[in-house]
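Chain and residue survey
Here is what each chain is made of, one letter per residue.
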Amino acid sequence: MSPAADDDARSTAREVLERLGRTYADEAGITLRDKPAPLFQLLMLSMLFSAPISAEAAVASLREIREAGWRTPERLLDSTWQQRVDALGRGGYRRYDESTANYLTDAATLLQERYRGDLRRLRDEADGDPAAVKKLLQEFPRIGPTGADIFCREVQQVWPGLRPQIDAKVRAGARKAGLPTNADDLAALVAGDDLARFTAALVRLDHED
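Residues numbered from 1 in each chain as written. Predicted model: local features only at pLDDT ≥ 70, side-chain atom pairs only at ≥ 80, totals over all residues. Heavy atoms only, no water.

1. A look at the environment of Glu18
Condition: A run of H or I in DSSP counts as a helix once it spans at least four residues, and a run of E counts as a strand once it spans at least two, with each numbered from the N terminus. Using a 1.4 Å probe on the protein chains alone, a residue whose accessible area is under 20% of its type maximum counts as buried, one over 50% counts as exposed, and one in between counts as partly exposed.
Here Glu18 lies in helix H1 (residues 3–20). A residue is classified by how much of its surface remains accessible, and Glu18, at 67% relative accessible area, is exposed. Distance in space between the C-alpha atoms of Glu18 and Ala201 is 8.7 Å, their sequence separation being 183 residues.

So this is what it looks like as structure tokens:
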């Protein structure tokens, strides 16, 4: 990339970041930190995004879950199936509310039993390798490759060892913005601590009409 083209790309990246640079975790009310509770909430959000449903409904449903107080696996497991169904319904997560109420329980149980409620242990088991992290994430119900991509794209904010997380949806947004799609070239356009917001911004850009 020539110096002039590089300057243009950085300028475009700044504009995209300023206009659309909000992570979905932040929109859902999660103050993402490298701590068990917010990481669990991000896992739930990734599960909600994994169904063929709107981003708005997934985010709103996670907000309902948080407002109900189910911010840790222990609290989630104290809720009833009907309470979870009702919360998902309030968030607009219909058609999948009953099955998802079960999936949330199964995910919280697996997290408790295998990782003692702390997804940092999953990261450690994977030795920080992004591919291994994604493989372990897919052991949780409903988390497939897309859900694992979503989790890693957002968690790179607090797990810098996973950077850069540039998946197919991010590349699609980059193409729409006229930016490079190579992971390293794209990541170099913003500061590392801005990368999660930048990738979220590119996904949002791709979803715009």
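2. Digging into the packing of aromatic side chains
Geometrically, a pair of aromatic rings is defined through the distance of the ring centres and the angle of the planes. Cut-off, in case you're wondering: Here a pair means two rings of Phe, Tyr or Trp (six-membered ring of Trp) with centres within 6.5 Å. Their orientation is stacked below 30 degrees between planes, edge-to-face above 60, and tilted elsewhere. Only when the NZ of Lys or the CZ of Arg is both within 6 Å of the ring centre and within 35 degrees of the ring normal is a charge said to sit over the ring.
Counting across every chain of the model gives 3 aromatic pairs. Taking 5.9 Å as the distance between ring centres and 65 degrees as the angle between the ring planes, the aromatic pair formed by Phe151 and Trp159 counts as edge-to-face. The aromatic ring of Tyr24 is capped on one face by Arg204, whose charged end is 4.1 Å from the ring centroid.

3. Regarding helix H7 (residues 97–115)
Selection rule: Every helix has an expected span of 1.5 Å times one less than the residues it contains. The directions considered for the arc are those from the helix axis to the C-beta atoms. The contact criterion used is simple: two residues touch if any of their non-hydrogen atoms lie within 4.5 Å.
A rise of 1.5 Å per residue sets the reference length of H7, with its 19 residues, at 27 Å; its end C-alpha atoms lie 26 Å apart and thus fit the reference within 8%. Listed in full, the buried residues belonging to H7 are Asp97, Thr100, Ala101, Leu104, Thr105, Ala107, Ala108, Leu111 and Tyr115. Along the axis of H7, the buried positions cluster into a sector of 160 degrees, meaning they face one direction only. The secondary structure elements touched by the buried residues of H7 are helix H3 (36–49), helix H4 (55–67), helix H5 (73–78), helix H6 (81–90), helix H8 (119–125) and helix H9 (130–137). With its phi angle positive at about 50 degrees, Arg116 sits one or two positions after the end of H7.

4. Description of the pattern of salt bridges
Note the cut-off: Counted as salt bridges are all cases of a side-chain nitrogen of Lys or Arg within 4 Å of a carboxyl oxygen of Asp or Glu.
Counting across every chain of the model gives 15 salt bridges. Note that Arg123 and Asp34 form a salt bridge whose closest N and O atoms lie 3.2 Å from each other. In this pair, Arg123 sits in helix H8 while Asp34 sits in the loop between helix H2 (24–27) and H3, placing the two residues 89 residues apart along the sequence. One salt bridge connects Arg123 with Asp124, and the closest N-O pair in it is separated by 3.7 Å. Connected through salt bridges with shared partners, the residues Asp34, Arg123 and Asp124 form a single ionic network.

5. A look at the environment of Glu208
In this fold, Glu208 is placed in the segment after helix H13 (195–207). In this structure, the C-alpha to C-alpha distance between Glu208 and Asp129, residues 79 residues apart in sequence, is 32 Å. Discounting residues that sit within four places of it in the chain, Glu208 has contacts with Arg19, Leu20 and Lys176.

6. Quick word on the side chain of Arg153
Relative to the helices and strands, Arg153 resides in helix H10 (residues 145–155). For Arg153, the residues in contact, after removing those within four places along its chain, are Gln165, Asp167, Lys169, Val170, Ala196, Thr199 and Val203.

7. Quick notes on unusual backbone geometry
Geometrically, the link from Arg163 to Pro164 is a cis peptide bond, its omega value of -5 degrees lying close to zero. Positive phi outside glycine occurs at Arg95, with the angle close to 80 degrees. On the basis of relative accessible area, Arg95 is assigned to the exposed category, the value being 68%. The phi torsion at Arg142 lies on the positive side, around 70 degrees, for a residue other than glycine. For Arg142, the position within the fold is in the loop between H9 and H10.

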